[in-house]
Amino acid sequence: DTGVSQDPRHKITKRGQNVTFRCDPISEHNRLYWYRQTLGQGPEFLTYFQNEAQLEKSRLLSDRFSAERPKGSFSTLEIQRTEQGDSAMYLCASREGLAGTGELFFGEGSRLTVL
Amino acid sequence: SQQGEEDPQALSIQEGENATMNCSYKTSINNLQWYRQNSGRGLVHLILIRSNEREKHSGRLRVTLDTSKKSSSLLITASRAADTASYFCATDLVKLVFGKGTKLTVNP
């Protein structure tokens, strides 16, 4: 399967711990996006990369959040000192083209529960 | 903040009926896209309509776009129980900004 894959699918952690999520986009896609989704809401934009460059970060992305995309391939999203309000589904998506238009291909998400 | 706003928030219909969902947005766009999400899963792209298009069809889906009113609608004809899901519109200007979605339930 050559779709977008995310790992882990589920993560339960205690408040104050650090967590890291990984996203492997479709290989030829140079744009990669992270979204956060809470129950009953639509996905909220967090950040996106074009190749290895992080081009935009939402104000939702506090200092405790950091995302990287070394070598323009897979990406990681790290949350430090987790809080209960961080509990959500973290979605990764990718798309091709430097113009950055066209459909997004989503992974199945990483669900975070902070106790 | 989310730009697109879907209406209604929830819709329950019988199999075979048509389902119409509306989306309003606030700023200019390159295109508008509709996605579907089954519970606990990722989003799946349904259809994209460009800002210079007014109507687009794909199978049982029909999408309209009115840029003067900053609104779009998604029509699903002859609905099936398998269409039960949440549907989101997303405005595309470099990044996609999603609405809160319409939760569609199709009863067999």
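Residues numbered from 1 in each chain as written. Chains lettered and ligands numbered in written order. Predicted model: local features only at pLDDT ≥ 70, side-chain atom pairs only at ≥ 80, totals over all residues. Heavy atoms only, no water.

**Thoughts on the overall build of chain A**
Logical step 1: Of regular secondary structure, chain A possesses 0 helices and 11 strands.
Logical step 2: Along chain A, from the amino end to the carboxyl end, the secondary structure elements read β-β-β-β-β-β-β-β-β-β-β.
Logical step 3: Relative to its length of 115 residues, chain A is compact, with a C-alpha radius of gyration of 13 Å against a globular reference of 13 Å.
Logical step 4: Over its C-alpha atoms, taken along the principal directions, chain A stretches across nearly 40 × 30 × 25 Å.
Logical step 5: Counting across all 115 residues of chain A, residues that qualify as buried make up 48%.
Logical step 6: When the accessible surface of chain A is totalled, it reaches about 5,800 Å², and 44% of it is carbon and sulfur.
Logical step 7: Counting 15 positive and 15 negative side-chain charges, chain A places the centres of these two groups 7 Å from one another. (Helix = DSSP H or I, 4+ residues; strand = E, 2+ residues; numbered from the N terminus. Rg over C-alpha atoms; globule rule 2.2 N^0.38 Å. Buried < 20%, exposed > 50% of the residue type's maximum accessible area, 1.4 Å probe, protein only. Areas by Shrake-Rupley, 256 points an atom, 1.4 Å probe, with all protein chains shown as cover. Lys, Arg positive; Asp, Glu negative; His and termini not counted. Charge placed at Lys NZ, Arg CZ, Asp CG, Glu CD.)

**Section: the side chain of D92(B)**
Logical step 1: Within the secondary structure layout, D92(B) lies in strand β9 (residues 85-93).
Logical step 2: For D92(B), a relative accessible area of 0% puts it in the buried group.
Logical step 3: Looking at D92(B), its side chain comes within polar contact range of the side chain of R95(A), at 2.9 Å. (Polar contact = N/O pair within 3.5 Å; in protein donor to acceptor, adjacent residues only side chain to side chain.)

**So, unusual backbone geometry**
Logical step 1: In this structure, P8(A) follows D7(A) across a cis peptide bond, with omega equal to -5°.
Logical step 2: For P8(A), the location among the structural elements is in the loop between β1 (5-7) and β2 (10-13).
Logical step 3: The omega torsion of the bond from D7(B) to P8(B) falls at 0°, within 30 degrees of zero and hence cis.
Logical step 4: As for its position among the elements, P8(B) is in the loop between β1 (5-7) and β2 (10-14).

**Section: the state of the cysteines**
Logical step 1: Scanning the entire structure with this criterion turns up 2 disulfides over all chains.
Logical step 2: Between C23(A) and C92(A) runs a disulfide, and the two sulfur atoms are separated by 1.9 Å. Every disulfide takes its handedness from the sign of the S-S torsion; for C23(A) and C92(A) that torsion is -70°, giving left-handed. Placement of the pair is C23(A) in strand β3 (residues 19-24) and C92(A) in strand β9 (residues 88-95), with a sequence separation of 69 residues. Here C23(A) and C92(A) have matching classes, each one buried.
Logical step 3: Here C23(B) pairs with C89(B) through a disulfide, and the sulfurs are 2.0 Å apart. Classification of the bridge connecting C23(B) and C89(B) rests on its S-S torsion, roughly 70°, and on that basis the disulfide is right-handed. One end of the pair, C23(B), is in strand β3 (residues 19-24); the other, C89(B), is in strand β9, and 66 residues separate them in sequence. (Disulfide = S-S within 2.5 Å.)

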